[in-house]
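# Residue-level structure breakdown
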Amino acid sequence: MQLSDFDFHLPEALIATRPAKPRSAARLLLAEGETIRDLHVFDLVDIFQPGDLLVLNNTKVIPARLFGTRQRGEAVAKVEVTLLEPTPAGWRALAKPLRKVNPGETIRFSDALSAEVVEKTETNLVLAFNLTGDDFDAALNDAGAMPLPPYIAAKRPADAADRDDYQTVFARHAGAVAAPTASLHFDAPLLQALRDKGVEFVEVTLHVGAGTFLPVKVEDVTTHRMHAEWGEVTEAAAARINAAKDQGRRVIPVGTTALRLIESAAASGRIAPWSGTTDIFIYPGYRFRVTDALMTNFHLPKSTLLMLVSALMGKGRIDRIYAHAVASGYRFFSYGDASLLIP
């Protein structure tokens, strides 16, 4: 498998910069076996069956993009920071311009929030903030902006609407710096309608990192190294997923993040309670242990997520699905339309 095998032409006009309103009005491509149908997300009430178990990622996106200043002698210089993950020494972060920021300097983001640069590498910084706990969360919420994906941020800045749009309605545990975007299509009425039909839900947590947007730089895709992300499958969640499998009911993760997490927790062949970092890389040839189907958005050319859906559906079938999506004008990426992939 070569990286070029996962390339396709995507017209710029199909990259969504705003979501559908209401959320469940987004289009839905249903691919079941060789059949492709053009529907809407609200049609999931007619597609899912009583007893289906949907796996939701309840991570919460933090306003991780910060705009600050640092003192350069008599001058004040601007710095843009994107938080990546907490470490024992502080928050690891990207910075622009990175080369001009030095350890020991202080970056001020607001009257309440500042950070000292305690470490610098060729690619990022470690920042020790002046606040911790709830005080840090409150100051970050006031000073920060939602970390929109690069292909949206290049076209427009994050605004007040993104505070709601780039967050799932069931977000509970703060820590992600990117949204589990397939889940953005669910609103309260749709969730209730599915419950009324007998569809069940179980929640897991995977804090999506900025690494999800990193390009694959090797031609032999099997040599690619995935970024690591922290996740947790509780004992109760594992028990419910195992019960569904034992009873012959379908387990359907909503989003590639939920899929990667439950497959990581099922490394032994059966899902178990799990907590830690995962760098699982799923590409064609992978044997799925838990997943019966997947709801997901449409992904970037040459991306690891396109490789993942190719593993689930087969490379030739995904080629046909994506050709249909492009020809039919489906909207791509984080704020785009959805697909339901049933092998």
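None of these values were measured; they are calculated from a predicted model.

About the cut-offs
- Residues numbered from 1 in each chain as written.
- Predicted model: local features only at pLDDT ≥ 70, side-chain atom pairs only at ≥ 80, totals over all residues.
- Heavy atoms only, no water.
- Helix = DSSP H or I, 4+ residues; strand = E, 2+ residues; numbered from the N terminus.
- Rg over C-alpha atoms; globule rule 2.2 N^0.38 Å.
- Buried < 20%, exposed > 50% of the residue type's maximum accessible area, 1.4 Å probe, protein only.
- Salt bridge = Lys/Arg side-chain N within 4 Å of Asp/Glu carboxyl O.
- Pairing = 2+ DSSP bridges.

Moving on to the overall build of the protein chain. From N to C terminus, the protein chain includes 9 helices and 17 strands. Taking 2.2 N^0.38 as the reference for a compact globule, 343 residues should give roughly 20 Å; the C-alpha atoms of the protein chain span a radius of gyration of 21 Å, in line with that estimate. Projected onto the principal axes, the alpha-carbon positions of the protein chain cover approximately 65 × 45 × 40 Å. Put simply, the protein chain has 343 residues, and 52% of those count as buried.

Turning next to the pattern of salt bridges. Going through the model one piece at a time under the given rule, you end up with 18 salt bridges. With a closest N to O distance of 2.9 Å, Arg-156 and Asp-162 form a salt bridge. Across the pair, Asp-162 and Arg-156 agree in class, each one buried. Glu-203 serves as the salt-bridge partner of Arg-172, at 2.5 Å between the closest nitrogen and oxygen. Of the two residues, Arg-172 sits in the loop between helix H4 (160-165) and strand S11 (173-176) while Glu-203 sits in strand S12 (residues 200-206), which places them 31 residues apart along the sequence. Glu-203 sits in the partly exposed class, given a relative accessible area of 26%. A cluster of three or more residues bridged by salt bridges with shared partners is formed by Arg-18, Arg-156, Asp-159 and Asp-162.

Once that is clear, we can look at the pairing of strand S6 (residues 75-87). Bridge analysis of strand S5 (residues 65-72) against S6 gives 8 bridges, and the strand direction is antiparallel. Within S6, the residue paired with Gly-68 across the bridge is Val-79. As defined by bridge partners, S6 adjoins strand S7 (residues 90-96) across 7 bridges and the pair is classed as antiparallel. Considered in S7, the bridge of Glu-80 is made with Lys-96. The hairpin formed by S6 and S7 contains 2 residues between the paired strands.

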